[in-house]
Amino acid sequence: MLRLMKKHTRPPVNEILIGDCIAHMNALPEGSVDMIFADPPYNLQLEGDLLRPNNSKVDAVDDDWDRFDSFATYDSFTRDWLSAAKRLLKSDGTLWVIGSYHNIFRVGAQLQDQGFWMLNDVVWRKTNPMPNFRGRRFCNAHETLIWCSRDKNSKYRFNYEAMKALNDDLQMRSDWLLPICTGRERLKVNGQKAHPTQKPESLLHRVILASTEVNDLILDPFFGSGTTGAVAKRLRRNFIGLERDAGYAKIAAERIAKVTAVDDPELVSTPAKRAQVRIPFGNLVERGILQPGTVLVDQRRRFSARVRADGTLTTGEAKGSIHQVGAHVQKAPTCNGWQFWYTEVKGALVPIDTLRQKIRAEAP
C-alpha cells in the first residue's frame, strides 16, 4: 500500500504515496480524481509551550510540518497545492478543505483566486472542544470547512437525499455538531497521540457520503493518520493518500488494513433522485398495483380521491395528476403527490411512493 515517488500513467488506487504532496500531485494523471479532502497545516504560529492552570503542558501542534517562516511562505505553499489539486480534479469534481481561524481565510482567498467555485462553508461545532486554558479568549470550539466545485460551471455531485436522511429527514444545515476524535478511535503510540490533529471518522463519513458515490476516487494530500482512507474503504469508495512523514503513513496503512468494507454496495450507494428511473403514477394502474376506483387518502385521512384508469385522480370537484389534486384539496400552490397520498394495505396506510419504489427496484 505504501509507495515512493514516481510518474503515474493511471491513478494508484487505494495506495499511500510517501513524499512531498505537491510533487506527488504533479505526477498523477490530470482529471483523475472525483473529490479531494484536504486538511493542510494550520500554521498555528505557536510561540512557547501552552500550559494548563496547573502548569502541565498541553499536547498541542508543535511539529515542524506546521511551521512556516511567514504568511507569504504559507500563501505560496497554499497556491501550489491548490493549483495541483485543481489539475487533478475531474471537471465536475469537488474539493473540501478544513482549517482553523489561523489559516482558513487565507486558503479561502486562494480558492477564489484560482477559480474554484464556493458551494458552502461548513462550521464543525465540537461537542467536546479543548478549553482555553489561559482564559484570555473565547474557547475555540469550531473549525471551518470550505466546499467548492472545480469551477463555476461544474455539475458537481451533492447527495441531498442522503444528507436529509442522515439528519432525521430534515434538510442538513451547514453547522455540524460532532465530537472531536477521542477514546478508542484516537490512535496512540506508546500511550501518546499518534497524530496531533486526527479527524473523527464521523466528520469524514458525512463529507464522503455528501459528495461521492460508490467507487469514486478521493484524494487526500495531507493523509496523516488515514481517516479519509479508513472511511472511504468502509463506504466502498477508493482513495489516494499523500503523506510526507513515513511514520504517519505506516500508521495509516496499518489502520486501513483493519477496516472492512460494507459488504453490499447498495447499502452505501447514494444515487440522486433525478438519476433514478422515472416511474409515472399511471404505471401503478397499468400493472394492477392500484385498481381504478381505489381510494387514496392523506396520512391524517382529511382528504380523499379516487384513482382513474388513466392514472389521474378525481375528487368529484377536481380531476388531475396526483400532484395537482393533492395541491387542490390542500388549497396549496404545489404538492408532491407521491409523498402526500396513501393507500390502505392489509389495514395499514402505505404511501404510494412505497409502491413506486417496488417497481423501480425491478428496473434493470
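Residues numbered from 1 in each chain as written. Predicted model: local features only at pLDDT ≥ 70, side-chain atom pairs only at ≥ 80, totals over all residues. Heavy atoms only, no water.

Asker: Got a sec to walk through the side chain of Q198? Specific residues and values, please.
Answerer: One can find Q198 in the loop between β9 (192-193) and α5 (201-211). Side-chain polar atoms of Q198 contact the backbone oxygen of E185, separated by 2.9 Å. Among the polar contacts made by the side chain of Q198, one reaches the main-chain amide nitrogen of L187 at a distance of 3.0 Å. What Q198 contacts, discounting residues up to four positions off in sequence, is C181, E185, R186, L187, S225, T227 and R255. (Helix = DSSP H or I, 4+ residues; strand = E, 2+ residues; numbered from the N terminus. Polar contact = N/O pair within 3.5 Å; in protein donor to acceptor, adjacent residues only side chain to side chain. Contact = heavy atoms within 4.5 Å.)

Asker: Please set out the domain arrangement of the chain residue by residue, giving values where relevant.
Answerer: Partitioning the chain into structural domains gives domain 1 (15-45 + 58-274) and domain 2 (278-362). Between domain 1 and domain 2, the C-alpha centre-to-centre distance is 44 Å. (Domains from an automatic or database assignment.)

Asker: So what's going on with the pairing of strand β7 (residues 175-178)? Residues and values would help.
Answerer: Here is the key point about a regular strand: its side chains alternate between the two faces of the sheet. Burial of β7 is one-sided: the residues W176 and L178 facing one way are buried, the residues D175 and L177 facing the other way are not. In this sheet, β7 lies alongside strand β5 (residues 117-126) in parallel orientation, the contact comprising four bridges. Across the sheet, the residue bridging to R125 is L177, located in β7. (Buried < 20%, exposed > 50% of the residue type's maximum accessible area, 1.4 Å probe, protein only. Pairing = 2+ DSSP bridges.)

Asker: Break down the pairing of strand β6 (residues 142-149) for me, citing the residues and quoting the values.
Answerer: Among the eight residues of β6, seven are classified as buried, and the element is accordingly described as predominantly covered. Bridging between strand β4 (residues 89-99) and β6 involves six bridges; their strand directions are antiparallel. Pairing of L95 across the sheet is with C148, part of β6. Two strands pair when backbone bridges link them, and β5 and β6 are joined in this way by eight bridges, in the antiparallel orientation. Looking at β6, one finds that D121 is bridged to I146.

Asker: Talk me through the pattern of salt bridges; I want residue IDs and the actual numbers.
Answerer: Taken as a whole and judged by the stated rule, the model has 15 salt bridges. Linking D39 and K199 is a salt bridge whose minimum nitrogen-to-oxygen distance equals 2.8 Å. You can see D39 sitting in the loop between β3 (33-38) and α2 (71-88) and its partner K199 sitting in the loop between β9 and α5, a full 160 residues away along the chain. There is no split in this pair, since D39 and K199 are both buried. Between R106 and D75 there is a salt bridge, and its shortest N-O distance comes to 2.7 Å. Of this pair, R106 sits in helix α3 (residues 104-113) while D75 is found in helix α2, placing the two residues 31 residues apart along the sequence. For R106, a relative accessible area of 30% puts it in the partly exposed group. Given the relative accessible area of 15%, D75 is considered buried. (Salt bridge = Lys/Arg side-chain N within 4 Å of Asp/Glu carboxyl O.)

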